Amino acid sequence: MALQPASSIPLLKINNILFKHGDGFVDWDQDIKYDGVICAAAPRQYPQDLIESLNVDSKIVIPVGNSKLQQLNVITKLSDKIEEDIYDEVAFVPMLPGISMDGNDS
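Residue numbering note: each chain is counted from 1, following its sequence as written. The model is predicted, so local features are restricted to residues of pLDDT at least 70 and side-chain atom pairs to those at 80 or more, both for listing and for counting; the totals for chains, interfaces and linings are taken over all residues. To get the side-chain values, all heavy atoms of the structure are used, and hydrogens and water are removed first.

1. Some points on the confidence of the model for the protein
The quantity known as pLDDT measures the predictor's confidence residue by residue, on a range of 0 to 100. The pLDDT averaged across the protein works out to 81; a share of 78% of its residues lies at or above 70. Below pLDDT 50 for its whole length, residues 102–106 participates in nine contacts with residues either more than four positions away or in separate chains. The contact criterion used is simple: two residues touch if any of their non-hydrogen atoms lie within 4.5 Å.

See below:
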């Protein structure tokens, strides 16, 4: 599922996107800081490792909740705090902990 969007990016002439297909709870490279993250799976609560991987003044757009109720959250990492804005109800596949597809499990 991640391969088809990734192959379309060069056609859009966008060169600063990284696709991660794997366990969203772990396996975030501590040497990389992201300006933004869009998650396509819903954890019950957003992973702290993901927040720590953001640059200051960056955002994560992530569905959060269980199989019955999920809401779209926008998490902003500021220099001194984390802001969380909650939007509409949504329905995404669950983010499940487990073995990463890229084999780089922590």
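There is more to say after this.
2. Some words on the pairing of strand β3 (residues 54–65)
Alignment of strand β1 (residues 34–38) against β3, held across four bridges, turns out to be parallel. Across the sheet, residue Y34 finds its bridge partner in β3, namely L54. Each pair of strands is called paired provided DSSP finds at least two bridges between the two strands. Runs of H or I in DSSP of at least four residues are treated as helices and runs of E of at least two as strands, each being numbered from the N terminus. The sheet contact formed by β3 and strand β4 (residues 70–77) spans eight bridges and is antiparallel. Among the inter-strand pairings, P63 is bridged to a residue of β4, identified as L72. Following β3, the chain reverses through four residues before pairing antiparallel with β4.

3. What about the side chain of N73?
As for its placement among the helices and strands, N73 is situated in strand β4. You can call N73 buried: its relative accessible area is 3%. Within the structure, the side chain of N73 is placed 2.7 Å from the side chain of E84, a separation counted as a polar contact. If we skip the residues at most four places from it in the chain, N73 touches Y46, I60, V61, I62, V64, E84, D85 and I86. Relative accessibility under 20% of the residue-type maximum defines a buried residue, over 50% an exposed one, and the middle range a partly exposed one, all with a 1.4 Å probe and only protein chains included. Throughout this description, a polar contact denotes any pair of N or O atoms lying within 3.5 Å of each other; where both atoms belong to protein, one of them has to be capable of donating a hydrogen while the other can accept it, and for residues adjacent in sequence the pair is counted only when both atoms sit in side chains.

4. What to know about the pattern of salt bridges
Between Lys or Arg on one side and Asp or Glu on the other, a salt bridge is scored when a side-chain nitrogen of the former is within 4 Å of a carboxyl oxygen of the latter. Tallying each qualifying case throughout the model produces one salt bridge. Between E83 and K81 there is a salt bridge, with the nearest N and O atoms lying 3.7 Å from each other. A relative accessible area of 33% places E83 in the partly exposed class. Residue class for K81 comes out partly exposed when judged on its relative accessible area of 44%.

5. As for a nonpolar patch on the surface
Each patch is built from residues that are more than 30% exposed by relative accessible area and take part in no salt bridge. Like charges join if they lie within 9 Å; nonpolar side chains (Val, Leu, Ile, Met, Phe, Trp, Tyr) join within 5 Å. The method behind every accessible area is Shrake-Rupley, applied with a 1.4 Å probe, and residues are considered shielded solely by the protein chains displayed. A surface patch of nonpolar side chains, about 350 Å² in accessible area, is lined by L12, I14, I17 and F19. Mapped onto the fold, L12 is located in the loop between α1 (3–8) and β1.

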